[in-house]
Amino acid sequence: MRRRIVLTTAFAELVAIGLFGVPLAVAVARYYVTAERAELERAADSYALDVSGDVLRHRTPDRTPMTQDPTSAAVYGPGGARLAGGGPRTLAETGAAGAVTADTGDDLVVIVPITDDGTVVAHVRAASARSEVYGHTGLTWLGMDGLAVVALLSAYLVARRQARRLARPLERLSATVRDLGDGDVGIRAGRAGIPEIDSVGESLDSTAERLDDLLARERAFSADASHQLRTPPAGLRLQLEAALENPHANLREVGAAGVATTGRLDRTVTDLLALARGTRRCATRVRSPTSWPSSAGVETGNWPSTLRLSW
């Protein structure tokens, strides 16, 4: 149970990390690409402002672009030849009136035109290595992976704690049931503070109480039954002994008294067997004679008048 709780929690955590982490990782990668392109466009616009005066006067720009490595910027003439800055020697012409992207396999590229009365007179190209974007993205992903590991470890620790909290009451309950099966009907299950487990414990306690009562009644039944079964034969023996000692005893009366005693014994045995087999579930009163018949003037004395046997 503990292992299943931990594995289920860890699996749920992995699913949650996958559902939220993967789209977030993709969004982060796109964010860095977009942010880098925006930075390139800003650098290209800034350099275009610096060299636009020289370009419009048909002079070769002598200003070095104020960019940060590894970002590079260059200005190109109308024919595509590089006039200043760092970049490829030539640039394919583009008639776009605004900034355009011209990414290559290794670089992110933004091209900004310089216009004079609506006519494109030059282009400024700004480029940045993709490795820089990949580096920022990788560092962010590494941080996200660290947070995912921390979240997974936290979920694992919480799952283990919850598994112990849920498993220990069940283990104690199992031990209680085992002791109850071994005959310890006085044992009682503890309370765990979990309604479902406590409900099982209450049912087990109720069962143990009923078993305890049942065993107590059976012990009392056995003791009373033993006494009840011994009483009629003892009375019958006394009657026969008294008849043997009295030479004037009426044998017919002695025989009738013996038959009556035997009948009462038979009824007592039948009632006790019925109770033992569970065929009679209500309180049963088995009566024995108030006083045994005397024979030849011999009084046998008073015996227990009633015995209540209940199931």
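Residues numbered from 1 in each chain as written. Predicted model: local features only at pLDDT ≥ 70, side-chain atom pairs only at ≥ 80, totals over all residues. Heavy atoms only, no water.

Undergrad: Please clarify how the packing of aromatic side chains should be interpreted in this entry.
TA: Both the distance between ring centres and the angle between the ring planes are used here to describe each pair of aromatic rings. The full count for this structure, using the stated rule, is 1 aromatic pair. Ring geometry for Y31 versus Y32: centroids 5.5 Å apart, planes at 65°, classification edge-to-face. Y31 gets classed as exposed once you look at its relative accessible area, which sits at 54%. (Phe/Tyr/Trp six-rings, centres within 6.5 Å; stacked < 30°, edge-to-face > 60°. Buried < 20%, exposed > 50% of the residue type's maximum accessible area, 1.4 Å probe, protein only.)

Undergrad: Got a minute to help me understand the pairing of strand β5 (residues 119-129) in this structure?
TA: As a general feature of sheets, a regular strand has side chains that alternate between the two faces. Most of β5 sits inside the fold, with 9 of its 11 residues counted as buried. Pairing geometry for strand β1 (residues 72-76) and β5, over 5 bridges, is antiparallel. The residue bridging V75 from the neighbouring strand is V124, located in β5. Inspection of the sheet shows strand β4 (residues 107-116) paired to β5 by 10 bridges, in the antiparallel sense. The residue of β5 that forms the bridge with T115 is V120. Linking two consecutive strands that pair antiparallel, namely β4 and β5, is a turn of 2 residues; a positive phi of about 55° is found at D117 within it. (Helix = DSSP H or I, 4+ residues; strand = E, 2+ residues; numbered from the N terminus. Pairing = 2+ DSSP bridges.)

Undergrad: Even after reading the chapter, I still don't get helix α1 (residues 2-56), so can you show me in this structure?
TA: Given 3.6 residues per turn, any residue in an α-helix points the same way as the ones three and four places further on. Helix length check: α1, at 55 residues, gives a terminal C-alpha distance of 78 Å against a target of 81 Å (1.5 Å per residue), a fit within 8%. Of all bends in α1, the biggest is about 40°, found at D50. (Expected span 1.5 Å × (residues − 1). Bend = angle between axes of the 7 residues up to and from the residue.)

Undergrad: Could you clarify how one ought to interpret the pattern of salt bridges in this entry?
TA: Once the charged atoms of two side chains with opposite charge are near each other, the side chains can pair. All told, the structure shown has 1 salt bridge when counted by the stated rule. Of the charged contacts, one joins E39 and R42 as a salt bridge, the two residues approaching to 2.6 Å between their closest N and O atoms. Of this pair, E39 and R42 both sit in helix α1, 3 residues apart, which is roughly one turn of the helix. Taking the relative accessible area as the measure of exposure, R42 reaches 46% and is therefore partly exposed. (Salt bridge = Lys/Arg side-chain N within 4 Å of Asp/Glu carboxyl O.)

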